[in-house]
Amino acid sequence: MNADAPDSSRKAQIDALLLKLPGVVSKKINRLDAYFVSDRMFACISGQGVGLRLPAATATELQFSRHNVVPFQPGGMASSKEWIQIDRADAAEYEKDLELFRASIEFVKAARTR
């Protein structure tokens, strides 16, 4: 199995959490399962984590304050300051990050109007 390909039950659990949020749709992009709002990607599944786009200051703070947050580097590609990856062994645990997902959606929506 490709390291970036999620197993179907993991994806189903993440879909169940994110697709219930208003305006969120799932698409495949470069072999990654990604989540969009207003045609802008705000999250995607990579390996055992979920990449998430947030303001650079928030992303940096999370990388230093949480043990399960790392720079987002899908397939070893260079990371952006606005992208982090939250690693959780159990996909059901992403429920604990729901506020971060909502913040990401709002950030991406606002970025569109800048």
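As a starting point, this report considers the structure included with it. (Residues numbered from 1 in each chain as written. Predicted model: local features only at pLDDT ≥ 70, side-chain atom pairs only at ≥ 80, totals over all residues. Heavy atoms only, no water.)

The description of two aromatic rings rests on the distance between their centres and on the angle between their planes. Summed over the entire model, instances satisfying the criterion amount to two aromatic pairs. Here Y94 and F101 contribute two aromatic rings whose centre-to-centre distance is 6.3 Å and whose plane-to-plane angle is 65 degrees, an arrangement assigned as edge-to-face. One Lys or Arg, K27, reaches over the ring of F36 and ends 4.6 Å from the middle of that ring. (Phe/Tyr/Trp six-rings, centres within 6.5 Å; stacked < 30°, edge-to-face > 60°. Lys NZ or Arg CZ within 6 Å of the ring centre and 35° of its normal.)

Opposite charge on two side chains permits pairing when their charged atoms draw close. Scanning the model with the defined rule gives ten salt bridges in all. Residues K28 and D33 are paired through a salt bridge, measuring 3.3 Å at the closest nitrogen-oxygen approach. You can call K28 exposed: its relative accessible area is 58%. For D33, a relative accessible area of 7% gives the class buried. Overlapping salt bridges bring together R66, R88, E93, K96 and D97 as one network. (Salt bridge = Lys/Arg side-chain N within 4 Å of Asp/Glu carboxyl O. Buried < 20%, exposed > 50% of the residue type's maximum accessible area, 1.4 Å probe, protein only.)

When helix α1 (residues 8–18) is considered as a whole, its buried residues turn out to be R10, K11, I14, D15, L17 and L18. Along the axis of α1, the buried positions cluster into a sector of 160 degrees, meaning they face one direction only. α1 presents S8 and A16 as exposed residues on the side facing more than 90 degrees away from its buried surface. (Helix = DSSP H or I, 4+ residues; strand = E, 2+ residues; numbered from the N terminus. Arc of directions from axis to C-beta.)

Our next topic: the nonpolar core. In this structure, L18, F42, L52 and F101 are the most contacted members of the largest nonpolar core, which totals 25 residues. Those elements that place two or more of their residues in this core are α1, β2 (32–37), β3 (40–46), β4 (49–53), α2 (56–65), β6 (83–87) and α3 (98–113). Of all the elements, α3 adds the most residues to this core, at five residues. Counting residues in each nonpolar core, the second largest holds six residues, with A34, F36, C44 and F72 among its members. (Core = buried A, V, L, I, M, F, W, Y, C linked by side-chain atoms within 4.5 Å.)

Spatially, six strands are ordered β1-β2-β3-β4-β6-β5 in an open sheet, and the strand pairing comes out antiparallel. Of all the strands in the sheet, the pair left with one neighbour each is β1 (24–29) and β5 (69–71). When strand polarity is set aside, the average angle formed by the axes of neighbouring strands in this sheet is 30 degrees. As paired elements, β2 and β3 share five bridges and run antiparallel to each other. Across the sheet, residue A34 finds its bridge partner in β3, namely C44. Strands in contact with α1 are β1, β2, β3 and β4; relative to β2, the strand with the most contacts, it is inclined by about 5 degrees. The sheet contacts of α2 involve β5 and β6, and relative to β5 the element is tilted by about 125 degrees. (Pairing = 2+ DSSP bridges. Axes fitted to C-alpha atoms, helices over the stretch in contact; angles between N-to-C directions. Contact = heavy atoms within 4.5 Å.)

What follows deals with the pairing of β4. The side chains of a regular strand alternate, residue by residue, between the two faces of the sheet. The buried fraction of β4 amounts to five of the five residues, a majority that puts the element mostly inside the structure. When β3 meets β4, the two strands line up antiparallel, connected through four bridges. Bridge assignment links S46 to a residue of β4, and that residue is G49.

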